[in-house]
Amino acid sequence: MSSNLKIAVVGATGAVGEVMLDILSEHGFKHTQITALASKRSEGSSVNFGRRELNVQCLDDFDFSLVDYALFSAGGSISLKYAPRAVVAGCTVIDNSSAFRLDDAIPLIVPEVNGALLKDFTHPGIIANPNCSTMQMVVALEPIQRKYGIRRIDVATYQAVSGAGRKAQEELAKQTMQKMSFQDIECQQFSQQMVFNVLPQIDVLQDNGYSGEEMKMHWETRKIFSDESIVVNATAVRVPVFFGHAEAIHLETVKPFELDDVEQLLRTAPGVVYTPNLEGSEHPTPAVHAAGEDPVFVGRLRRDHSRGLGMNLWVVADNIRKGAALNAIQIMQVLETARTEG
């Protein structure tokens, strides 16, 4: 990776932005020129970048011609306003919001799954990051889709509160203290008590009764796999976990499979750590295995006894790390490798 690369992190004071800076530092970008951008109210504050501190600059008047890449994680409205400006200035944008994901002209990329599409990417431009719950699912299912094809996916997600932002994390911590001290539970970020509870709705309900989060998994999976025949039937649930999404996935393949072959595919899949169903083994969990880690963890693989071409598996990953920050940086690394080799 070129040491002359210039990168801006938009939303540097947010949860994903902070993790982006951590990963950039960890992945060999310590000597790269990094610019931390945020809103006017954060201007002049500082954020950590390895052992250094970066002064936060205001996004409003930043000149994107000064950087090669801008990693956006500041919400859809910010991306819609500033990402096109960055491209006009000659900067390539990797966006973590939902603003561009379903735009046919903009690639929706998970490097382990469809990173080959980046070979034909023309700089400058915009590349979209998928929803975190979609991302970990397609990483786990890519080798199955490639060899056998997937007809249908039924998935229940168990999503950490960090997916709803820092204030949601703070509310869960506060509610925990309130509950343990026998105080009344205060709800501001969530419609109901979050601590010691689960909430079976994430995002706004659509006309069909599914939430926006659930429909994202359907639309985005079809786009990433380039297969409009796949049906994703999702139920998205918020659980009182700080970091790490979990998913119970039930799928039906197009071609017959042997479970031993599927297990071998998962053992060698890029970005996947597979845990076999051994007696006494620890199954992957968000808090113990996924939080703070890069891979997607897969376990509980078994044949569906009710469907001849069905199988079940359990998938967990850090929703802030692989589900957002790491994927954006991996996209940038693939782009830079393609550019230098080309």
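You'll find the structure just up there.
In short, a report on the structure. Remember, predicted model here, so these are calculated numbers, not experimental data. (Residues numbered from 1 in each chain as written. Predicted model: local features only at pLDDT ≥ 70, side-chain atom pairs only at ≥ 80, totals over all residues. Heavy atoms only, no water.)

**Quick word on the sheet that holds strand β10 (residues 245-253)**
Taken in spatial order, the 6 strands line up as β9-β8-β10-β13-β12-β11 in an open sheet, and their pairing is mixed. In this open sheet, the two edge strands, each paired with only one partner strand, are β9 (231-238) and β11 (272-274). Each strand axis lies, on average, 20° off the axis of its neighbour in the sheet, ignoring direction. As judged from the 3 bridges shared by β11 and strand β12 (residues 296-303), these two strands associate in the parallel manner. Paired with Val273 across the two strands is Phe297, which belongs to β12. (Pairing = 2+ DSSP bridges. Helix = DSSP H or I, 4+ residues; strand = E, 2+ residues; numbered from the N terminus. Axes fitted to C-alpha atoms, helices over the stretch in contact; angles between N-to-C directions.)

**Some thoughts on helix α4 (residues 132-148)**
Between the first and last C-alpha of α4 there are 24 Å, a value that for 17 residues agrees with the 24 Å anticipated at 1.5 Å per step. The largest bend in α4 is about 50°, located at Leu141, with the proline Pro143 one to four residues further on. For α4, a buried count of 15 out of 17 residues is recorded, marking the element as mostly surrounded by other parts of the structure. Two residues or fewer after α4 comes Gly149, characterised by a positive phi angle close to 75°. (Expected span 1.5 Å × (residues − 1). Bend = angle between axes of the 7 residues up to and from the residue. Buried < 20%, exposed > 50% of the residue type's maximum accessible area, 1.4 Å probe, protein only.)

**Remarks on the nonpolar core**
If you look at the biggest cluster of nonpolar residues, it comprises 55 residues, and the most contacted ones within it are Phe64, Leu141, Ile153, Ile249, Leu251, Val298 and Leu313. Among the elements that take part in this core, α4 stands out by supplying 8 residues, more than any other. The residues touching Leu313, leaving out its near neighbours within four places in the chain, are Leu141, Glu247, Ala248, Ile249, Leu251, Val298, Gly299, Arg300, Leu301 and Arg302. Ile34, Ala38, Leu326 and Ala328 belong to the second-largest nonpolar core, a separate cluster that totals 34 residues. (Core = buried A, V, L, I, M, F, W, Y, C linked by side-chain atoms within 4.5 Å. Contact = heavy atoms within 4.5 Å.)

**Some points on the packing of aromatic side chains**
All chains considered together, the criterion is met by 4 aromatic pairs. Residues Phe62 and Phe64 carry aromatic rings whose centres are separated by 5.1 Å and whose planes lie at 90° to one another, so their mutual orientation is edge-to-face. Linked through ring pairs, Phe62, Phe64 and Phe72 together constitute an aromatic cluster. (Phe/Tyr/Trp six-rings, centres within 6.5 Å; stacked < 30°, edge-to-face > 60°.)

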